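Reading the structure
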Amino acid sequence: MESAQSNKSMIQTDYLIVGGGAAGLSLAYHIAREPRLAGKRVLLIEPEAKDRNDRTWSFWTDEPSPFDAIVAHEWRAIAFRSPGFERVFDLGCYRYKTINGLDYYRFVRRALADNPQFTFVRGTVASILNTADGVQVRSSDGEFTASYAFDSRPPDLVQLKQPQKYRYLLQHFVGWEVETETDVFNPAIVEFMDFRGAQQHEARFIYVLPFTPRKALVEYTLFSAQPLHKAEYEAAIREYLETTLKVKNYRIVVEELGAIPMTDHPLPARDGTHIINLGTRGGRAKPSTGYAFKRIQRHSARLVAALASTGHPPADPTGDKWQFRMFDTLLLDIMQRRGESTRDIFRELFERNPVERIFRFLDESTTWADNLQIMNSVTPWPFMQSIGQVLRGKPGQR
């Protein structure tokens, strides 16, 4: 892996990857593992050093992944809790896993370190233009040309926004990694969704990743249009620790916060012939849940398979199925109109379905028979109202 020198202009490459986060590094890693692409030159432009643990990714899986060596923790059970229904689910063949961002960055960079086909550049991209036979990229480090560009820069939803037609929510959260003086947490069980707190006309829940009996990440998460003041998240976490768990003494080790766009606005899979969008820009964060890591890996594998077999990205870069986009739209519409009813929908899902079916549904890998069972397990009226809003082409309002 080489580093390009600054101010070199019009460097030519085969594939240019914009962004060295989860999506950009995933694509680079998949290219490196494909022998048929060994002769391709790959240049990756990233504005940051990526030398700190700026995020974590969690996901469920029933098969090995290339990143199992850097999984920080994994669990074989999850808990769902809401008023009137609580259950701990054994995950069977599934495992729920968490990877730290810094471990991921280091792992992929080490994997590429001795590979001469990869070049890394520190810089920001100002523009990417389709040309007759590729792309031209202008950056703070000079100009580059490539056969294809893969763009993982965050989308500008403010400019794209069409609130009269689509739904725009956020999954926003504050999390504390805490250490306690006594055994408090069960390190075998993820508190996947704890809806027992006040909903305040929105979808609000506590999420806990327990690492040891005395150490866990505790997050207060919401699905709504606007973030809260930071003190409101912190008050909810304190309430959970001190009232629900009866923790008297604890220390905050790390704090994290974030906001993930959740929208049915169609984010394009490509911009013209030679620019393919990655990550959130390419719609890889699932609109109704915000989970992205596995969707990014599947997207990378699909792109690389096509590049290796045909020399071109696939005509349909994502392979998304329309019925799951519709399910996402309906749930987003319900969240936007009556966010507090989200708790009841998830309660019915977990009360009336095996967790494996729920995971397959959220992974968009269920059959039509599975989908019918999922749909028959929830109260239909909220979805019927949303279908009416969608057919009229208008997002529902409270």
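Higher on the page you've got the structure.
Because the structure is a prediction, the values reported are computed rather than measured.

1. Side note on the sheet that holds strand S13 (residues 168-180)
Across a sheet, strands are paired by hydrogen bonds formed along the backbone, either parallel or antiparallel in direction. The sheet built from seven strands is open, its strands ordered S7-S6-S14-S15-S16-S13-S17 with mixed pairing. Each edge of the open sheet is held by one strand with a lone partner, namely strand S7 (85-90) and strand S17 (250-263). Within the sheet, the average angular offset between the axes of one strand and its neighbour, ignoring direction, is 15 degrees. In terms of strand pairing, strand S14 (residues 189-194) meets strand S15 (residues 203-212) through two bridges, oriented antiparallel. Its bridge partner being in S15, Glu-191 is matched across the sheet by Val-208. Taken strand by strand, helix H7 (residues 342-352) contacts strand S6 (77-82), S7, S14 and S15, and its axis lies near 135 degrees from that of S6.

2. Focus on the pattern of salt bridges
The final tally for this structure, using the stated rule, is 32 salt bridges. A salt bridge links Arg-81 to Glu-86; its shortest N-O distance comes to 3.0 Å. The exposure class of Glu-86 is partly exposed, given its relative accessible area of 43%. The partner of Arg-214 in a salt bridge is Asp-183, with the nearest N and O atoms 2.8 Å apart. A residue pair is termed long-range when its members are at least 10 positions apart, and Arg-214 in the loop between S15 and strand S16 (215-224) and Asp-183 in the loop between S13 and S14 qualify at 31 residues. The exposure class of Arg-214 is partly exposed, given its relative accessible area of 39%. For Asp-183, a relative accessible area of 57% puts it in the exposed group. Residues joined in a network through salt bridges with shared partners are Arg-81, Glu-86, Glu-191, Asp-194 and Arg-196.

3. Considerations on the pairing of strand S9 (residues 118-122)
A large share of S9 lies buried, amounting to four of its five residues. Looking at chain direction, strand S3 (residues 42-46) and S9 are connected through five bridges and run parallel. Opposite Val-42, over in S9, you have Phe-118 as the bridge partner.

4. Observations regarding the environment of Phe-361
Mapped onto the elements of the fold, Phe-361 is located in helix H8 (residues 355-362). Judged by its relative accessible area of 14%, Phe-361 is buried. A C-alpha to C-alpha distance of 8.5 Å links Phe-361 and Phe-324, two positions 37 residues apart in sequence.

Parameters and conventions
- Residues numbered from 1 in each chain as written.
- Predicted model: local features only at pLDDT ≥ 70, side-chain atom pairs only at ≥ 80, totals over all residues.
- Heavy atoms only, no water.
- Pairing = 2+ DSSP bridges.
- Helix = DSSP H or I, 4+ residues; strand = E, 2+ residues; numbered from the N terminus.
- Axes fitted to C-alpha atoms, helices over the stretch in contact; angles between N-to-C directions.
- Contact = heavy atoms within 4.5 Å.
- Salt bridge = Lys/Arg side-chain N within 4 Å of Asp/Glu carboxyl O.
- Buried < 20%, exposed > 50% of the residue type's maximum accessible area, 1.4 Å probe, protein only.

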